[in-house]
Structures are given as C-alpha cells and as structure tokens.
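Residues per chain, in single letters:
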Amino acid sequence: MLRGIRAAGIAAPRLGMRGCSAGPTTPKPTWKVATWKFATQKFAVAVGTLTVAAVALKFQYEQMKLQHEQSHGYIIGRAADKILGPFVAQSDKLGYHIVKRPDHEKVKARLMGGADGRTTVIAGQFQVGKTLAVENALRGVKGVLHVTIHAPDWQSLLYKQVGLDDYGMFLEALQEAKKRLGYPPILYLDVPRFSTANMSAVSTFCKELVTDKGAARGVVVASQLTVALGFDAGGKERQYNMWLSPMTKEEAREFFLNNFPEVQKGDVERIIQDVGTNTGVLKHVAENITGDKAMSIDEALQ
C-alpha cells in the first residue's frame with residue numbers, strides 16, 4: 001500500500017516520534033526561589049544576632065556575678081555563713097565514749113549561758129581533759145569558730161579561715177553572725193602547751209571582741225597553768241576562770257570499761273594506782289597495752 005502511495009507521488013506520513021513536541025514547557029517561578037533565598041539569609045542573620053546577644057548577656061551576667069562576689073556585703077555574708085556552721089567535736093571523729101562528769105556539766109552551763117561580756121578561761125593539769133570538756137559542751141552548736149593558737153600569726157590564720165583579710169572585716173562578720181543568731185557566736189581559742197603566741201595579744205583580742213564590742217562570747221583553753229596565768233583581759237569583770245579537776249577513780253574505771261574493754265579489771269586498778277586519773281595519761285597507757293604493738297602492762301607503766 002505504501003508503495004502505491006509513493007508511486008502516486010504522495011508523501012507518506014512519518015510514524016516515528018522524532019520531531020514531535022510534548023507541548024509548551026511551564027517556566028520555573030524564579031521569584032519564589034529568590035524569595036526563599038532572601039528569607040533564608042534573613043533567618044541566618046537573625047540567628048547570628050541572637051547568638052551574639054546571648055553571648056553578650058552571658059558575659060554581662062558573669063561580670064555582675066563577679067562584682068557581686070567581690071562586693072563587701074557578699075564577702076561579709078559568706079564569712080558569717082562559715083561562722084554559723086555546726087561545731088564538730090574531735091572526739092566524735094575518734095569515736096571515744098565521753099564520761100559524763102560534773103565538771104563537764106559546769107563547763108557546758110557556762111558556755112551555753114547568756115553572754116556577760118567575760119571571756120571564759122579553762123585551766124587544769126596538762127591532758128586533764130579541758131579540750132574534751134569544751135568540745136563536749138559545744139558539740140553540734142551553731143556559731144562556734146575554733147582556732148588553735150600555735151604561733152604569733154594566729155590572727156591572720158583565723159581571718160583566712162572564714163575568707164577574710166583583716167580585723168575590721170572579721171568584726172563585721174561576727175556582728176552579722178550575731179544578728180542572724182540573735183546572740184553572740186562563740187570564739188573558741190585553744191592554746192597548746194608549746195605555743196609561741198603572745199598571751200597579751202590573745203587577752204587584748206578577747207577584751208575587744210567579747211567585752212568592748214559584745215560581738216562574741218569567748219572561751220580560751222589553756223593547756224597549762226602558765227598559759228592561763230598569762231591571759232589577762234582586765235580582771236574578774238572581763239574574764240571568768242574555771243579549773244578542771246582530774247577524773248575520780250570511778251570515772252576512770254568507766255573510761256576504761258567503755259573505751260578499752262579488753263584491759264582486765266585488775267590491770268585497770270593497777271594503772272589507776274600507779275599513774276592516777278589524768279585522762280591523757282590513762283589513754284596513753286591503754287593504747288600502749290591494746291595497740292598493734294601491744295606492750296605488757298609492766299612495759300606500759302615504765
């Protein structure tokens with residue numbers, strides 16, 4: 001058939017798809033693309049601006065915080081917080097049984113009584129238990145600041161203990177603590193046997209803070225009689241002296257029974273007979289008998 005058509009001179013239709021058009025092509029919306037790019041750029045700028053602002057605010061906050069922490073009021077308040085912490089007795093850390101003694105009750109009554117502007121000076125034989133009596137009285141009490149006076153620089157060490165630098169700021173911190181408590185906090189000054197501190201300086205310190213300013217109550221533990229005699233705040237109107245006696249024999253037996261039960265009763269009686277009832281001496285002998293390198297009682301008593 002195709003041959004006939006061609007023979008007649010008629011052009012045959014092309015059956016392939018070549019050259020055929022699928023119709024008009026829809027142009028892309030270039031304005032939408034441009035808008036999207038602009039919005040994205042604008043969003044990125046906004047995010048960047050917010051980030052810079054956040055960094056600036058954080059820096060400003062840190063600067064304000066630093067200024068606050070360096071401010072006088074903040075430093076005094078933080079020192080008062082430290083003064084107001086509950087007192088932890090050394091005997092609690094060691095786990096010793098405390099013998100209840102009348103002298104201990106007298107010390108507690110004195111320290112827990114109202115402030116009368118007088119520093120309490122506790123004296124007695126070396127190792128008789130003065131520190132134990134005071135710590136037993138102050139156990140768990142809020143507003144007790146303790147310092148051991150070893151050397152002439154004890155005041156600066158006391159100030160640094162609560163984050164301060166000088167006497168004036170320390171006085172303010174005591175007054176702030178007093179305001180919060182409703183009564184003066186306690187300055188507990190422990191003067192060991194071989195302290196090189198000037199007792200006149202200790203006396204003046206207590207006189208000013210306890211008697212003159214009324215910012216604190218004071219207690220001084222004098223390791224030996226010479227230390228106690230060296231303290232002079234200005235007579236009976238400014239200091240109250242207490243003498244702590246050794247344990248009775250019955251109290252010494254209780255001390256052994258509860259703290260060193262492995263020591264035989266017969267040995268306890270012999271120890272008491274030979275060395276007396278001084279708490280420190282009894283403890284020393286008992287530890288020599290019961291320690292890792294246990295001695296015989298004869299060796300311990302030599």
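Parameters and conventions
Residues numbered from 1 in each chain as written. Predicted model: local features only at pLDDT ≥ 70, side-chain atom pairs only at ≥ 80, totals over all residues. Heavy atoms only, no water. Pairing = 2+ DSSP bridges. Helix = DSSP H or I, 4+ residues; strand = E, 2+ residues; numbered from the N terminus. Axes fitted to C-alpha atoms, helices over the stretch in contact; angles between N-to-C directions. Contact = heavy atoms within 4.5 Å. 1 Å grid on protein atoms, 1.4 Å probe; cavity = no way out; pocket = protein on both sides within 12 Å on 5 of 7 lines; lining within 4 Å. Points joined across faces, edges and corners; volume = space filled by probe spheres on them. Nonpolar A, V, L, I, M, F, W, Y, C, P; charged D, E, K, R; others polar. Salt bridge = Lys/Arg side-chain N within 4 Å of Asp/Glu carboxyl O. Buried < 20%, exposed > 50% of the residue type's maximum accessible area, 1.4 Å probe, protein only.

(A) Looking closely at the sheet that holds strand E1 (residues 119–124). The five strands are arranged E2-E3-E4-E1-E5 in an open sheet whose pairing can be described as parallel. Among the strands making up the open sheet, the edge pair consists of strand E2 (144–148) and strand E5 (239–244). Within this sheet the neighbouring strands show an average axis-to-axis angle of 15°, counted without direction. Pairing geometry for strand E3 (residues 186–191) and strand E4 (residues 217–222), over six bridges, is parallel. Pairing of Leu187 across the sheet is with Gly218, part of E4. Packing against the sheet, helix H9 (residues 199–212) makes contact with E1, E3 and E4, and its axis sits at approximately 170° to E3.

(B) Here's a closer look at empty space enclosed by the protein. Scanning the model with the defined rule gives one cavity of 30 Å³ or more in all. In this structure, the largest cavity spans a volume of roughly 130 Å³. Every residue lining the largest cavity is counted, 15 residues in all, and those nearest its centre are Arg110, Arg118, Thr120, Arg217 and Gly218. Among the elements that make up the lining of the largest cavity, the one with the highest residue count is E4 (three residues). For the lining of the largest cavity, the residue count by class is six nonpolar, five polar and four charged.

(C) Here's a closer look at the pattern of salt bridges. Inspection of every chain in the model, using the stated rule, returns 11 salt bridges. Note that Arg118 and Asp116 form a salt bridge whose closest N and O atoms lie 3.1 Å from each other. Using a relative accessible area of 36% as the deciding quantity, one classes Asp116 as partly exposed. With a closest N to O distance of 2.5 Å, Asp298 and Arg270 form a salt bridge. Residue Asp298 is located in helix H14 (residues 297–300), and its partner Arg270 is located in helix H12 (residues 265–275); the two are separated by 28 residues in the primary sequence. Among the ionic contacts, a cluster of salt bridges with common partners joins Asp81, Glu176 and Arg180.

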